[in-house]
Amino acid sequence: MEGDHLEDSNIGTHHELPSKWHQTFYTLWFGCFITGMGYSMTMPFISLFINELGHFSRFELNIYSGMAFAATFISQAIVSPYWGSLADRKGRKLMCMRASGVMACTIFLTGLSFNVWMIIGMRFLQGAFSGYINNSIALMAGETPHSKSGWVMSAMTTAGVTGNLIGPLLGGTLSSALGYRIPFFITGGLMFGVFIATSILVKEKFTPIKKENMKPMRELMGQIDNVQLIVVMFVTTMLVQSSVMSINPIVSLYVKEMMHDTGNIAFVAGIVAATPGLGNLVAASKVGHTMDRIGPQKVLTVGLLIAAVLFIPMTLTNSPWMLAFWRFLLGFANAALMPAAQTILTLEVPTEAFGRIFSYNQSFQAAGAVLGALLGSTISGLFSYSAVFAITGCTLLLDFLLVYLTQHRAKTIN
């Protein structure tokens, strides 16, 4: 990207020297990496942590685990539009500082929890002030030439994915050796470091916009050629996130069942949780360049179809190692999902609306997380863990059909 000139855009955009631009990029990449690592270092094991705080039946444990996952995203879905509007008026750097600072406090306090309701409460509060990764992406979307959007969106996603890869392995090791509370304390400290780094190193030249001078979303949406595509991307974000979150709350419990409650369950569960991140990391750069070459819509369509098919063998396996293998392959497909949707938004939406559009997208992402977490925990509680994989695969297949038909309709109209 060195040597590229930033494109001219409207009010509220950023213009920096290349060195400052790269400093901002690397700092935000690091922040997204730590955010992803901190999340995955703690959340795959939260059901096991909850299990230590009381005597719960299988159904109660599944429901409480789902609630703990969903709490963050319920508040996130409600509050995100407000933060998006504020980001368009005050800048995205402030939103990144807000998110990292509050996460540092809430996740540290989660480690001090003495009952399941304190965990759920801290998760709810964390969600209300979350959004580091989404605001980092929105900031970089405003900085990046369109010819590099696919690569940059993939690179920013790779940061969180790399963290998601390392987090479960580190969290599993720490949980096995020191207990389930320690990863929360470490994550809190790391997020405080992200807050400091973002405050000092991210250089954002942003012209504040008065609230009365902001164009209403209806007017901005009128500037978009294919509004239906934007809505479909919101829905895709929701369903893709749902497919991820339907599995996350129950993966450690599923591994525990397959291992017959013997052996180093936390470590194996960490490996199973990490394998999609490894596959994603391997494929991300190639997928990003492919998007820049053939377009994100084609990449998204193929990725959705492959992901849906891969859930078939995951439904049928009874080995944690085979589950890890198929989830590794799923990571290749996942590399083409969320980055492609974000790239489409970047290319189709006016720059001055990035904050609000990406916040709406975050609301749909949060709604998908709530849907997935509650659906996964309920289905596993009433039926089986493998049934969660079957339903998730069907959901992605429906999304594939939706995206394909939308693209076909657009071609027909044109």
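Remember, it's a predicted structure, so these values are computed and weren't measured experimentally.

Q: Can you walk me through the overall build of the protein in this structure?
A: Along the backbone of the protein there are 17 helices and 0 strands. Relative to its 414 residues, the protein shows a buried fraction of 59%. Nonlocal contacts in the protein, meaning residues at least 24 apart in sequence, comprise 86% of its contacts between residues at least 6 apart. Accessible area for the protein stands at about 16500 Å²; split by element, carbon and sulfur atoms hold 67% of it.

Q: Is there a simple way to explain the environment of Met95 in this structure?
A: Considering the arrangement of structural elements, one finds Met95 in helix α4 (residues 92–110). When its relative accessible area of 1% is taken as the criterion, Met95 is described as buried. Residues Met95 and Trp83 lie 12 residues apart in sequence; the distance between their C-alpha atoms is 7.4 Å. Ignoring anything within four residues of it in the chain, the contact list for Met95 reads Trp83, Leu86, Ala87 and Asn135.

Q: Can you walk me through the side chain of Thr35 in this structure?
A: Of note, Thr35 is situated in helix α1 (residues 18–42). Side-chain polar atoms of Thr35 contact the backbone oxygen of Gly31, separated by 2.8 Å. Thr35 has contacts with Met103, Tyr132, Ile133 and Met191, leaving out every residue within four places of it along the chain.

Q: How should I be thinking about the nonpolar core in this particular structure?
A: As a rule of thumb, soluble globular proteins bury nonpolar side chains together. Within the largest apolar cluster, 98 residues are counted, with the highest numbers of intra-cluster contacts made by Leu28, Ile46, Ile50, Met233, Leu300, Leu304 and Phe389. With near-sequence residues (within four places) excluded, Leu28 lies in contact with Cys96, Tyr132, Ser136, Leu139, Met140, Met156 and Val202.

Q: Mind showing me how you'd approach the packing of aromatic side chains here?
A: Within a pair of aromatic rings, the relevant descriptors are the distance that separates the centres and the angle that separates the planes. All told, the structure shown has 12 aromatic pairs when counted by the stated rule. Taken together, a centroid distance of 6.3 Å and an interplanar angle of 25 degrees make the contact between Phe192 and Phe195 stacked. Residue Phe192 and its partner Phe195 are both found in helix α8 (residues 182–201); the two are separated by 3 residues, about one turn of the helix. Since its relative accessible area comes to 25%, Phe195 is described here as partly exposed. Arranged with centres 5.1 Å apart and planes meeting at 15 degrees, the rings of Phe234 and Phe364 form a pair that is stacked. Of this pair, Phe234 sits in helix α10 (residues 227–245) while Phe364 sits in helix α16 (residues 354–382), and the two are 130 residues apart along the sequence. Its relative accessible area of 7% is what places Phe234 among the buried residues. We classify Phe364 as partly exposed; its relative accessible area is 31%.

Q: What am I meant to see in helix α14 (residues 320–334) here?
A: Residues spaced three or four apart along an α-helix face the same direction, because each turn holds 3.6 residues. Here α14 contains 15 residues, and its C-alpha end-to-end distance of 20 Å stays within 8% of the 21 Å for a straight helix at 1.5 Å per residue. Among the residues of α14, those classed as buried are Pro320, Leu323, Ala324, Arg327, Leu330, Gly331, Ala333 and Asn334. Buried residues along α14 cover an arc of 155 degrees about the axis, so they all sit on one side. The N-cap residue of α14 is Ser319: its side-chain oxygen and the backbone nitrogen of Trp321 are 3.2 Å apart.

Q: Hey, could you run me through helix α15 (residues 338–348) in this one?
A: The element α15 is extensively covered by neighbouring structure, given that 9 of its 11 residues are classed as buried. The complete set of buried residues in α15 reads Met338, Pro339, Ala340, Ala341, Gln342, Thr343, Ile344, Leu345 and Thr346.

Q: Is there a simple way to think about the side chain of Ser113 in this case?
A: In this structure, Ser113 sits in the loop between α4 and α5 (116–128). Other than its neighbours up to four places away in sequence, Ser113 contacts Phe49, Leu53, Met118, Ile119 and Arg181.

Q: Sorry if this is basic, but what is going on with the state of the cysteines here?
A: Two cysteines joined by a covalent bond between their sulfur atoms form a disulfide. Across all of its chains, the model carries 0 disulfides by this definition. Free of any disulfide, Cys96 has its nearest neighbouring cysteine sulfur in Cys32, separated by 7.3 Å.

Q: Even after reading the chapter, I still don't get the confidence of the model for the protein, so can you show me in this structure?
A: Caution applies to low-pLDDT parts of the model: their predicted coordinates are not meant to be read in detail. The predicted model of the protein averages 79 in pLDDT, with 84% of residues at 70 or higher. Predicted confidence in the protein is weakest over helix α9 (residues 217–221), with a mean pLDDT of 67, and strongest over α8, with 92. Below pLDDT 50 for its whole length, residues 1–19 participates in 44 contacts with residues either more than four positions away or in separate chains.

Q: Just to check I follow, could you spell out the environment of Ser386 for this structure?
A: Following the sequence through the fold, Ser386 ends up in helix α17 (residues 385–413). Expressed as a C-alpha distance, the spacing of Ser386 and Thr317, which sit 69 residues apart in the sequence, is 8.3 Å. Not counting residues up to four positions away in its chain, the partners in contact with Ser386 are Tyr254 and Thr315. A distance of 3.1 Å separates the side chain of Ser386 from the side chain of Ser384, its partner in a polar contact.

What counts and what doesn't
Residues numbered from 1 in each chain as written. Predicted model: local features only at pLDDT ≥ 70, side-chain atom pairs only at ≥ 80, totals over all residues. Heavy atoms only, no water. Helix = DSSP H or I, 4+ residues; strand = E, 2+ residues; numbered from the N terminus. Buried < 20%, exposed > 50% of the residue type's maximum accessible area, 1.4 Å probe, protein only. Contact = heavy atoms within 4.5 Å. Areas by Shrake-Rupley, 256 points an atom, 1.4 Å probe, with all protein chains shown as cover. Polar contact = N/O pair within 3.5 Å; in protein donor to acceptor, adjacent residues only side chain to side chain. Core = buried A, V, L, I, M, F, W, Y, C linked by side-chain atoms within 4.5 Å. Phe/Tyr/Trp six-rings, centres within 6.5 Å; stacked < 30°, edge-to-face > 60°. Expected span 1.5 Å × (residues − 1). Arc of directions from axis to C-beta. Disulfide = S-S within 2.5 Å. pLDDT = per-residue confidence, 0-100.

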